[in-house]
Amino acid sequence: MRSRVNDFAIKLANVNGTGSASANSLIMQAIFRMGVPVSGKNLFPSNIQGLPTWYEIRVNGDGYTSRALDYDLMVAMNGQTYQRDIAELRSGGYLIYDSTFPLDPALHRDDIEYIGVPLAQLCNEHFREPRERILMKNIATAGALIELLNIDGAVVEQLLEEKYAKKKNLRESNHKALSLGADYVKANYAYPLPFHLQSMDANNDKILIDGNTATALGCVFAGATVAAWYPITPATSVMDNFTAFCEKFRKDKTTGEKNYLILQAEDELAAIGMVIGASWNGARAFTSTAGPGVSLMNELLGLAYYAEIPAVVVDVQRVGPSTGMPTRTQQGDILECAYASHGDTKHILLFPANPAECFEFAPACFDLAEHFQTPVFLLSDLDIGMNDWVTPKLTWNDNYRPDRGKVLTVDQIESLKAFHRYLPENGSAVAARTLPGVHANGAFFTRGSGHNKFGGYTEIPDEYQEVMDRLLRKHKEAAAYVPAPVIEKRHGARIGIVTIGGCDAAVREALTILEQMGRSMDYMRIRAFPFPAEVETFFADHDYCYVVEQNRDGQLCSLITLETNVSKDKIKPVLVYGGFPLSAKNVLDAIAVNVEELDAIYS
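What counts, and at which threshold
Residues numbered from 1 in each chain as written. Predicted model: local features only at pLDDT ≥ 70, side-chain atom pairs only at ≥ 80, totals over all residues. Heavy atoms only, no water. Buried < 20%, exposed > 50% of the residue type's maximum accessible area, 1.4 Å probe, protein only. Helix = DSSP H or I, 4+ residues; strand = E, 2+ residues; numbered from the N terminus. Arc of directions from axis to C-beta. Contact = heavy atoms within 4.5 Å. Axes fitted to C-alpha atoms, helices over the stretch in contact; angles between N-to-C directions. Left-handed = near helix turned anticlockwise from the far one by under 90°. Nonpolar A, V, L, I, M, F, W, Y, C, P; charged D, E, K, R; others polar. Salt bridge = Lys/Arg side-chain N within 4 Å of Asp/Glu carboxyl O. 1 Å grid on protein atoms, 1.4 Å probe; cavity = no way out; pocket = protein on both sides within 12 Å on 5 of 7 lines; lining within 4 Å. Points joined across faces, edges and corners; volume = space filled by probe spheres on them.

S.K.: Honestly, helix 17 (residues 533-540) in this entry has me stumped. Any pointers?
M.R.: Within an α-helix, residues lying three or four positions from one another point in the same direction, as the helix has 3.6 residues per turn. Among all positions of helix 17, only Val535, Phe538 and Phe539 are buried. Viewed along the axis of helix 17, the buried residues span an arc of 95 degrees, placing them on a single side of the element. Summarising the geometry of helix 17, the exposed residues directed more than 90 degrees from the buried face are Ala533 and Ala540. Buried-residue contacts for helix 17 involve strand 17 (486-488), strand 18 (495-500), strand 19 (522-526), strand 21 (544-549), helix 18 (555-563) and strand 22 (571-575).

S.K.: I'm lost on the packing of helix 7 (residues 211-222) against helix 12 (residues 355-372) in this one. Help?
M.R.: Packed helices, taken two at a time, are described by the angle between their axes plus the distance between the axes. Axis separation between helix 7 and helix 12 bottoms out at 7 Å; the angle between their running directions is 35 degrees. As helix 7 packs across helix 12, the resulting crossing turns out to be right-handed. Residues Gly211, Ala214, Thr215, Leu217, Gly218, Cys219, Phe221 and Ala222 of helix 7 touch helix 12, and the partners they reach there are Pro355, Cys358, Phe359, Ala362, Pro363 and Phe366. Of the residues in the contact of helix 7 with helix 12, the class split is eleven nonpolar, three polar and no charged.

S.K.: Can you help me understand the pattern of salt bridges in this one?
M.R.: Once the charged atoms of two side chains with opposite charge are near each other, the side chains can pair. The tally for this structure, following the rule as stated, stands at 34 salt bridges. In this structure, the salt-bridge partner of Asp72 is Arg90, at a minimum N-O distance of 3.1 Å. Of the two residues, Asp72 is situated in strand 5 (residues 71-76) and Arg90 in strand 6 (residues 89-98); the sequence distance between them amounts to 18 residues. The exposure class of Arg90 is partly exposed, given its relative accessible area of 33%. Its salt-bridge partner being Glu370, residue Arg404 comes within 2.5 Å of it at the nearest N-O pair. Of the two residues, Arg404 sits in the loop between strand 16 (388-392) and helix 14 (410-414) while Glu370 sits in helix 12, which places them 34 residues apart along the sequence.

S.K.: Looking at this model, I keep getting lost on empty space enclosed by the protein. Mind explaining?
M.R.: Remark: the empty space left among the atoms is shown by a probe the size of a water molecule rolled over them. Evaluated as defined, the whole model comprises seven cavities of 30 Å³ or more. Estimates place the volume of the largest cavity at around 70 Å³. Lining the largest cavity, in full, are Leu12, Asn14, Ser20, Ala23, Asn24, Ile27, Val75, Met77, Asn138, Thr141, Ala142 and Leu145. Every element with two or more residues in the lining of the largest cavity is listed here: strand 2 (7-15), helix 1 (20-33) and helix 4 (130-148). Its residues assigned to classes, the lining of the largest cavity comprises seven nonpolar, five polar and no charged. In this structure, the second largest cavity encloses a volume near 60 Å³. Lining the second largest cavity, in full, are Trp280, Ala307, Glu308, Ile309, Pro310, Arg421, Arg433, Thr434, Phe444 and Thr446.

Structure below.
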């Protein structure tokens, strides 16, 4: 294998519940602190322990950090998956395995190198407790990787010091285990490997953060004070982090008084009810959930839409239908969220592509919800939400002021001859609202049943339709307020690639490779629904567009054809929905099917 610096991918195969996460995190953070662009994808099972788990690390000095599908190094620590893991290793790659136990000759490949380290034996000899031996085996593996990949030992020492500053025994046992793996490699193998690390300064303005943490922080900055939720993978850590941030920043240091309310409901239906109630009272309130939770919330989401009450829903998407694969990623909730509830409903959706946009879009969701008095969804996914991403440092504009929408003050209410909740003025589709207890003259019935523009109950078709038509106009007006699509043009390109959310990194890498092949394409990443006018224009300007998304049924494709004048002939779906994060290879393989057609167009 030719020598390569800061350009390789490794995969660590293990068993869930053996402490591999700590070792994986140590390696990932050390590479990041060496200033090298890196990404980590945790492919874990939905049980507590016993099933296979994998962690993928991709290093790329040029900053391409979408998921890799070919691996230079495989760390095979799970006998159940040896055959599969070894098969995924690229020709000329390296395999690390626990040589305490003999490797089945049937697993031998002539085109890869084997690095046997007696990890179990070393840990059994140097650690006494059975559980400690299991946990330290993964740390010893990390020690071997430190030498093989040329990871800066000083950086690792600093990480251990930070993590175990108050736990001397744990720090010492981790240090011992690292030394066991490192010393064995130094005594028995040539190191570093042909592919290895070299310090850079590419991460000086970057941080390592997951999307759920960034989302929670964005909600704090947005001024959210009420949250209601029910635990569900992969959204639980949104509320865990929001709770921790509120405990730190929303609690009076002198009195201990809390300026927030977080409620764990009995189910998702109750959670969204609490959010709607708090929002109706004037608080900025939200819930975090996944697809199954949104399914349960549908009826009350319709209430919020029809009664025109703000609500923010953070949907960290996972694989469905039903329970599906709860620890795998997908973009399968697009249509569910766009039209959530029975009858005619349309909701505002925002699609962040990374944790930085999770932070940025969270306040935007609250502003949109209150401006348009309607539910707004932040559609993240498991890959964005639960994996660590290298992102620009989060920035905040201290001049930000929340957009509370049309909320009447006491003076404004007193100046009115009469207040009608669902009667807008000045040609706007958004009617003014009042908050409970502000003034008796601002009282109104909040109706989830048929009502006219004056707020009175009705079953008269014309009166009902008048209100429903205004709600549709209101939704269309939101297109001018949501985040605009990201559009990149390349000279002479007649074909486009369109995507949303976490597909961004993989699609961008595929675009670079296509450009190197002489097949330049334009790019559009849609960031919100309702679609701004630029979306339809982009399709009109191209012969056709590949639409890349992670679901079976082409939900983004359907939404585009339903909500715009874009012809189906303009759309070529690229659908990847197996549950793993997208890679550039997934995109390129789909486009390769049409290579002859591409050649004809470019010629």
